[in-house]
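An overview of the molecular structure
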Amino acid sequence: EKRAMELLATHLEECGGERSQSNNFRCKVIQRPGGRYDSVFFSVENKRFKSMVDVARFLNLADDRPGSGGGSRTNSRGSSRGQKDSEKKKLKRELDKLLKLHTKAIKA
């Protein structure tokens, strides 16, 4: 757990934050079946984070390291993708409804 906290401090520093920001979190190491270990981080408000990246996102720190996926920017892409999917479904339902009405009108 101490090592995970040191790694978190280093990660936050690499993301543009300060090492001291890690003092607002605590860590719990959990052994999973199969012998693997997971580090789970908790804020002072007891909000749970499954990774150091999640902690950095929570602190609004951009992760500019290569191959990192861009840090907080992935959230905005993910949410807009969700909005697009939602909009697509809505339009498809509306189109289906109009096609039904059109078919009824032709038969009448």
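As the structure is a prediction and not an experimental result, all values here were calculated from the model.

Our next topic: the pattern of salt bridges. Summed over all chains, the structure comprises four salt bridges. With its nearest N and O atoms 3.2 Å apart, the salt bridge here joins Arg-57 to Asp-54. Highlighted residues: Arg-57 and Asp-54, both in helix H2 (residues 52-58), separated by three residues, approximately one helical turn. Taking relative accessible area as the criterion, Asp-54 reaches 26% and is therefore assigned partly exposed.

Next up on the list: the sheet that holds strand S2 (residues 37-43). Strand order in this open sheet of three strands is S1-S2-S3, and the pairing throughout is antiparallel. The open sheet is flanked by strand S1 (25-31) and strand S3 (48-49), the only strands paired with a single partner. Where S1 lies against S2, seven bridges are found, and the strand directions are antiparallel. Its bridge partner lying in S2, Ile-30 is registered against Asp-38. Against the sheet, helix H1 (residues 2-14) touches S1 and S2, its axis set at about 130° to S1.

Among the nonpolar cores identified, the biggest contains 12 residues, and these are Ala-4, Met-5, Leu-8, Leu-12, Cys-15, Phe-25, Cys-27, Phe-41, Phe-49, Val-55, Ala-56 and Leu-61. Looking at this core, the elements that each hand over two or more residues are H1, S1 and H2. The element best represented in this core is H1, accounting for four residues. Those residues in contact with Ala-4 that sit more than four places away from it in its chain are Cys-27, Ser-39 and Phe-41.

This part covers the side chain of Ser-43. Of note, Ser-43 is situated in strand S2. Of the polar contacts made by the side chain of Ser-43, one reaches the side chain of Glu-45; its length is 3.0 Å. Here Ser-43 is in contact with Asn-24, Phe-25 and Phe-49, once residues within four sequence places are set aside.

With that settled, consider the confidence of the model for the protein chain. Summarising the model, the protein chain shows a mean pLDDT of 81, and 82% of its residues fall at 70 or more. When pLDDT is averaged over each helix and strand of the protein chain, the minimum, 76, is found for helix H3 (residues 73-107) and the maximum, 92, for S3. Below a pLDDT of 50 lies the segment residues 63-77, which in the model reaches 15 contacts outside its immediate sequence neighbourhood of four places, other chains included.

Before going further, it helps to spend a moment on the pairing of S2. Here S1 folds back onto S2 in antiparallel fashion, the turn holding five residues, of which Gly-34 has a positive phi close to 100°. Relative to S3, S2 is paired through two bridges, and the arrangement is antiparallel. Paired with Phe-41 across the strands is Phe-49, a residue of S3. Between the end of S2 and the start of S3, which pair antiparallel, lie four residues, with Asn-46 showing a positive phi angle near 65°.

About the cut-offs
- Residues numbered from 1 in each chain as written.
- Predicted model: local features only at pLDDT ≥ 70, side-chain atom pairs only at ≥ 80, totals over all residues.
- Heavy atoms only, no water.
- Salt bridge = Lys/Arg side-chain N within 4 Å of Asp/Glu carboxyl O.
- Helix = DSSP H or I, 4+ residues; strand = E, 2+ residues; numbered from the N terminus.
- Buried < 20%, exposed > 50% of the residue type's maximum accessible area, 1.4 Å probe, protein only.
- Pairing = 2+ DSSP bridges.
- Contact = heavy atoms within 4.5 Å.
- Axes fitted to C-alpha atoms, helices over the stretch in contact; angles between N-to-C directions.
- Core = buried A, V, L, I, M, F, W, Y, C linked by side-chain atoms within 4.5 Å.
- Polar contact = N/O pair within 3.5 Å; in protein donor to acceptor, adjacent residues only side chain to side chain.
- pLDDT = per-residue confidence, 0-100.

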